[in-house]
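The lines below spell out each chain.
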Amino acid sequence: MLPPAPLQHIPPDIFMNTEELCLCGSNLSYQDCCGLYHSGEKVAPTAEALMRSRFTAYAMKNTDYLLQTWDTAKRPDNINFEKENADWLRLEIVGKKKGGIKDAKGIVEFKAYFMADDEESVMNEISRFKKVSGRWYYLDGLVKSVGKVNQGQTQGRNAPCPCGSGKKFKRCCGK
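The model shown is predicted, which means the values in this text are computed figures rather than measured ones.

Asker: Account for the pattern of salt bridges, naming residues and giving values.
Answerer: Applying the stated criterion to the full structure yields eight salt bridges. Residue Lys144 is joined to Glu109 by a salt bridge in which the shortest nitrogen-to-oxygen separation is 3.0 Å. Here Glu109 lies in strand S2 (residues 105–116) and Lys144 lies in strand S4 (residues 135–148), a separation of 35 residues in the sequence. Its relative accessible area of 18% is what places Glu109 among the buried residues. Salt bridges sharing partners connect three or more residues here, namely Glu48, Arg52 and Lys96.

Asker: Pulling in residues and values, what's your account of the side chain of Asn62?
Answerer: Mapped onto the elements of the fold, Asn62 is located in the loop between helix H2 (47–59) and helix H3 (63–68). A polar contact is formed between the side chain of Asn62 and the backbone nitrogen of Tyr65, at a distance of 3.1 Å.

Asker: Please give an account of the pairing of S2 that cites residues and values.
Answerer: Sheet topology note: the strand S1 (residues 87–98)/S2 ladder contains ten bridges and is antiparallel. Within S2, the position partnered with Trp88 by the bridge is Phe114. Connecting the antiparallel pair S1 and S2 is a turn made up of six residues, with Gly99 showing a positive phi of about 80°. Judged from the twelve bridges that link them, S2 and strand S3 (residues 119–132) form a sheet pairing that is antiparallel. Note that in S3 the partner of Lys111 across the bridge is Asn124. Taken together, S2 and the strand that follows it, S3, pair antiparallel across an intervening segment of two residues, in which Asp117 is found at a positive phi of about 55°.

Asker: I'd love a proper account of H2, names of residues and values included.
Answerer: Between its terminal C-alpha atoms H2 stretches 18 Å, which fits the 18 Å expected from 13 residues at 1.5 Å a residue. Summarising burial for H2: twelve of the 13 residues are buried, a large majority. Burial in H2 covers these residues: Ala47, Glu48, Ala49, Leu50, Met51, Arg52, Ser53, Arg54, Phe55, Thr56, Ala57 and Ala59. Positive backbone phi, at 60°, marks Lys61, one or two positions downstream of H2.

Asker: Which residues make up the packing of aromatic side chains, and what values do they have?
Answerer: Taken as a whole and assessed by the stated rule, the structure comprises six aromatic pairs. Ring centres of Trp88 and Phe114 lie 4.8 Å apart, and the angle between their planes is 45°; this geometry places the pair in the tilted category. Highlighted residues: Trp88 in strand S1 and Phe114 in strand S2, separated in sequence by 26 residues. Taken together, Phe55, Tyr58, Phe81, Trp88 and Phe114 form an aromatic cluster joined through their ring pairs.

Cut-offs and rules
Residues numbered from 1 in each chain as written. Predicted model: local features only at pLDDT ≥ 70, side-chain atom pairs only at ≥ 80, totals over all residues. Heavy atoms only, no water. Salt bridge = Lys/Arg side-chain N within 4 Å of Asp/Glu carboxyl O. Helix = DSSP H or I, 4+ residues; strand = E, 2+ residues; numbered from the N terminus. Buried < 20%, exposed > 50% of the residue type's maximum accessible area, 1.4 Å probe, protein only. Polar contact = N/O pair within 3.5 Å; in protein donor to acceptor, adjacent residues only side chain to side chain. Pairing = 2+ DSSP bridges. Expected span 1.5 Å × (residues − 1). Phe/Tyr/Trp six-rings, centres within 6.5 Å; stacked < 30°, edge-to-face > 60°.

Below, the structure written as structure tokens:
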């Protein structure tokens, strides 16, 4: 396997006000948090840090960063945000297994909150990560549930896709 290509430099101010709090829930400004990873100034030191930076990148429709941090064996050719109608609000880390600085693999469970059709919803996912040559990569994820906040959740891969396409998750973003 070839070593991973370095991340492209992507100026953080293209995507959001760098003084605003980062969407990943760190309580740091974007420029002091995920902006460092998106710009290529730093690489995520843990699986959780990569998960947080990928959530923020997804919310900002930063396709380049998402593809660059996706394991090449599982990465799609492109990401199409044309039918995305969700406004991603916040991220909550539910749990993690391994994925630390000295680990080679990690699992992060999270809840991603979003607005779609004027209703707040939440997607609960378990994501797998691996480290190659000192850099963390997203492998894949399993959606445990998707549903409206405070109204129960639709379980599993047969849930409607949170991107708003109208397809089942397994036939859309869950491929």
